[in-house]
Amino acid sequence: MAQSEVADAPVRNIKRSKLMAKPIGIGKAAPTPIISNKDMEDIVETTDEWIMTRTGIGSRHCLDGTETLRDLEVRAAMQALEDSGLNAADIDLVVVATSSPEDMFGDAPYVANMIGAKDAVAFDLTAACSGFLFATVTAGQYLSGGGYKNAMVIGADALSRWVDWSDRNSCVLFGDGAGAMVLTAVDTEDEAGILGFQMISDGSGHQCLKLPYAGQSQKVGPKHTTMKGSYDPISMAGKDVYKFATREVPRVLEEALANADVKPEDVDWLLLHQANIRIMEVVAQRFGIPMDKVLRNLDEYGNTSAASIPLALAEAVQSGKVKKGDIVATAGFGAGLSLGAAVIRW
């Protein structure tokens, strides 16, 4: 199928092509405890068959209090650092994409310190399930600008902390995990590893998937009232999110491919946010990409939000499936609503 046939809407004509950076290391981490679909049958009214048929998810790894999200972030980052062959002191930028940090003020400075990148500038970025791709492009821009040489990009989330475990439509979806990738600046376009990208936000759909503030008023002294912070569990209009993803992911991916000057038939691997197998099937079919070229691990991990893309990529690289020089077309989508796509040469 030709790219122009993928979506009816016109292609946004902003050229977002090569960034002067390439990936040189990858790592992952997930909690040891696993909640299987069979386990879910004891938690809510559901069945393994119901979950698998509708989502493709078979289990999810969930933090149980014996370790923290920061522990996962550090493990994934250390693995990626070792894979890159760099020293910790070589990392001068750390970006952590997360919507569920261990500290609301941010996890990145802690992670940078723990891996030994003590002189790196470090900050968090929040874009939900699109976060890792947003962070990758952000780091790529920093590296392309010439002020930084090596970046650690981490996607991590612990959304099992924020689900309503009595809501069978949402609690079966989410797991916890972290993935990390090291990017390094390059001197020529021929060396570039981020070949093209696109990022989109649509705030009109923010109610479709949210983890909203739900503070309670409290008296402060005799005259004043302030708010005590807290949040409601994740709420999701599943059908609306599905329609958004199947309509807009092909479009944003088409634009990233056009910006990279890469045709669908030249893509070695398609890597989508690990949310739902049906979404993967629809997008793959729209581009004429067979399912055996679609990287996926949601059967084991479920939806790990910002961690899903780097976690799946790390598994594929470490298993030898993704090889040096392979073209990986990636797309993330989720709360915001947000969309991001990037074409990466490994």
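Above: the structure in question.
For the structure given in this document, a descriptive report is provided here.

Rules and cut-offs
- Residues numbered from 1 in each chain as written.
- Predicted model: local features only at pLDDT ≥ 70, side-chain atom pairs only at ≥ 80, totals over all residues.
- Heavy atoms only, no water.
- Salt bridge = Lys/Arg side-chain N within 4 Å of Asp/Glu carboxyl O.
- Buried < 20%, exposed > 50% of the residue type's maximum accessible area, 1.4 Å probe, protein only.
- Helix = DSSP H or I, 4+ residues; strand = E, 2+ residues; numbered from the N terminus.
- Axes fitted to C-alpha atoms, helices over the stretch in contact; angles between N-to-C directions.
- Parallel < 35°, antiparallel > 145°, perpendicular 65-115°, else oblique.
- Left-handed = near helix turned anticlockwise from the far one by under 90°.
- Contact = heavy atoms within 4.5 Å.
- Nonpolar A, V, L, I, M, F, W, Y, C, P; charged D, E, K, R; others polar.
- Core = buried A, V, L, I, M, F, W, Y, C linked by side-chain atoms within 4.5 Å.
- Phe/Tyr/Trp six-rings, centres within 6.5 Å; stacked < 30°, edge-to-face > 60°.
- Lys NZ or Arg CZ within 6 Å of the ring centre and 35° of its normal.

1. Some thoughts on the pattern of salt bridges
Item 1. Inspection of the entire model under this criterion finds eight salt bridges.
Item 2. With its nearest N and O atoms 2.8 Å apart, the salt bridge here joins Glu67 to Arg75.
Item 3. Residue Glu67 is classed as buried on the basis of its relative accessible area, which comes to 16%.
Item 4. When its relative accessible area of 39% is taken as the criterion, Arg75 is described as partly exposed.
Item 5. Of the charged contacts in the structure, one is a salt bridge between Asp103 and Arg70, with a shortest N-O distance of 3.9 Å. One end of the pair, Asp103, is in the loop between β4 (93-97) and α4 (108-115); the other, Arg70, is in helix α3 (residues 69-84), with 33 residues separating them in the sequence.

2. What about the packing of helix α7 (residues 238-260) against helix α8 (residues 277-287)?
Item 1. Packing of α7 against α8 leaves a shortest axis separation of 10 Å and a crossing angle of 40°. One finds that α7 runs oblique with respect to α8. Note on packing geometry: the crossing formed by α7 with α8 is right-handed. Between α7, through Tyr242, Ala245, Thr246, Val249, Pro250, Leu253, Glu254 and Leu257, and α8, the contact on the second element is made entirely by Arg278, Ile279, Val282, Val283, Arg286 and Phe287.
Item 2. Class assignment for the residues of the contact of α7 with α8 results in 10 nonpolar, one polar and three charged.

3. As for the nonpolar core
Item 1. Ranked by size, the top nonpolar core spans 47 residues in total, and within it Leu253 and Leu270 carry the most contacts.
Item 2. Contributions of two or more residues to this core are made by α2 (48-55), β8 (194-201), α7, β13 (269-272), α8, β15 (327-334) and β16 (338-345).
Item 3. If we skip the residues at most four places from it in the chain, Leu270 touches Leu253, Val283, Ala284, Ile289, Lys293, Val294, Leu295 and Ala329.

4. Re the environment of Gly302
Item 1. Of note, Gly302 is situated in the loop between α9 (298-301) and α10 (308-318).
Item 2. The spatial distance from the C-alpha of Gly302 to the C-alpha of Ser59 is 6.3 Å, given a sequence separation of 243 residues.
Item 3. Beyond its immediate sequence surroundings of up to four residues, Gly302 is in contact with Ile57, Ser59, Leu173, Gln274 and Asn297.

5. Some thoughts on the packing of aromatic side chains
Item 1. Under the definition given, this model contains four aromatic pairs.
Item 2. Measuring from ring centre to ring centre gives 6.1 Å for Phe123 and Tyr142, while their planes differ by 45°; the resulting arrangement is tilted. Here Tyr142 lies in helix α5 (residues 131-144) and Phe123 lies in strand β5 (residues 121-125), a separation of 19 residues in the sequence.
Item 3. Ring geometry for Tyr142 against Tyr148: centres 5.4 Å apart, planes inclined by 75°, an arrangement best described as edge-to-face.
Item 4. A residue is classified by how much of its surface remains accessible, and Tyr142, at 33% relative accessible area, is partly exposed.
Item 5. Taken together, the ring pairs in this structure connect Phe123, Tyr142 and Tyr148 into an aromatic cluster.
Item 6. The lysine or arginine in question, Arg70, covers the ring of Tyr110, its NZ or CZ lying 4.3 Å from the ring centre.

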